[in-house]
Amino acid sequence: MRNDKMMSLLTCSIVLSILTITSAFPDQTNPFDLCDTPIPDDKNDCGIAGVWRNQLQSVMKFTCVAGHIEGQYYTAVGNADGFYDFAGKFQMPDQNTTVLGWVVAFNNLLYGNSNSTCAWSGIHYSHEGIIHTHWLLTHYFPRANLWRTTTMNHDDFNKVC
């Protein structure tokens, strides 16, 4: 019986999370109206600049010029809200592949300092249209809890516009 109750609670929690994420992004084709201002060609050296969304509904918009990436990131998870600036680098080993990485420091005017940073490292193959990434999220913890500071996972970003 205890397992049934735990499973019901888990199911409710997952459904509530999905509903929360979905309601936070009512316009799936143009989140936060970010597609209203297209990326100019001279800000798209990497060929993939624009608005991207991951599987958790986090959204980013970036430009790429002369090996540098700049943009804004909106996380749909965690104890953060609003947009966060990010910067990174990219390389193109061939015409159909972009290798890139960027870092977000979760500190903005809306939410303040979350005492955490996240670094993504990824690759985009033009025939797939997905940025495949792995990330490291580092939170502040006192030295005695150093083992708790960093989490690793992955995201796949799909192009919105």
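Residues numbered from 1 in each chain as written. Predicted model: local features only at pLDDT ≥ 70, side-chain atom pairs only at ≥ 80, totals over all residues. Heavy atoms only, no water.

**With respect to the state of the cysteines**
- One pass over the structure, following the stated rule, counts two disulfides.
- In this model C35 forms its disulfide with C161; the gap between the sulfur atoms is 1.8 Å. As the torsion about the S-S bond is roughly -95°, the C35-C161 disulfide counts as left-handed. Note that C35 is positioned in the loop between helix 1 (2-24) and strand 1 (50-54) and C161 in the segment after strand 8 (150-159), a separation of 126 residues in sequence.
- Residue C46 pairs covalently with C64 via a disulfide, S to S 2.0 Å. One disulfide, between C46 and C64, carries an S-S torsion of -75° and so falls in the left-handed class. With C46 in the loop between helix 1 and strand 1 and C64 in strand 2 (residues 59-65), this pair connects stretches of sequence that are 18 residues apart. (Disulfide = S-S within 2.5 Å. Helix = DSSP H or I, 4+ residues; strand = E, 2+ residues; numbered from the N terminus.)

**Things to note about unusual backbone geometry**
- In this structure, D33 is a non-glycine residue whose phi angle is positive, near 60°.
- Turning to its location among the elements, D33 is positioned in the loop between helix 1 and strand 1.
- Overall, D33 belongs to the partly exposed group, its relative accessible area being 48%.
- Positive phi, close to 80°, is recorded for Q57, a residue that is not glycine.
- Here Q57 shows up in the loop between strand 1 and strand 2.
- On the accessibility criterion, Q57 (18% relative accessible area) is buried. (Buried < 20%, exposed > 50% of the residue type's maximum accessible area, 1.4 Å probe, protein only.)

**Side note on the pairing of strand 1**
- Among the five residues of strand 1, five are classified as buried, and the element is accordingly described as predominantly covered.
- Alignment of strand 1 against strand 2, held across four bridges, turns out to be antiparallel. Looking at the pairing, W52 lines up with M60 of strand 2.
- The hairpin formed by strand 1 and strand 2 contains four residues between the paired strands, and Q57 there has a positive phi angle of roughly 80°.
- In this structure, strand 1 lies alongside strand 8, joined through three bridges in antiparallel fashion. Bridging across to strand 8, N54 finds its partner in F157. (Pairing = 2+ DSSP bridges.)

**A short note on the packing of aromatic side chains**
- Scanning the entire structure with this criterion turns up nine aromatic pairs.
- Taking 5.2 Å as the distance between ring centres and 75° as the angle between the ring planes, the aromatic pair formed by F32 and F83 counts as edge-to-face. With F32 in the loop between helix 1 and strand 1 and F83 in strand 4 (residues 83-94), this residue pair connects regions lying 51 residues apart in the sequence.
- Given a relative accessible area of 35%, F32 falls into the partly exposed group.
- Judged by centre distance (5.0 Å) and plane angle (75°), the rings of Y84 and F106 are edge-to-face. A residue pair is termed long-range when its members are at least 10 positions apart, and Y84 in strand 4 and F106 in strand 5 (residues 97-108) qualify at 22 residues. (Phe/Tyr/Trp six-rings, centres within 6.5 Å; stacked < 30°, edge-to-face > 60°.)

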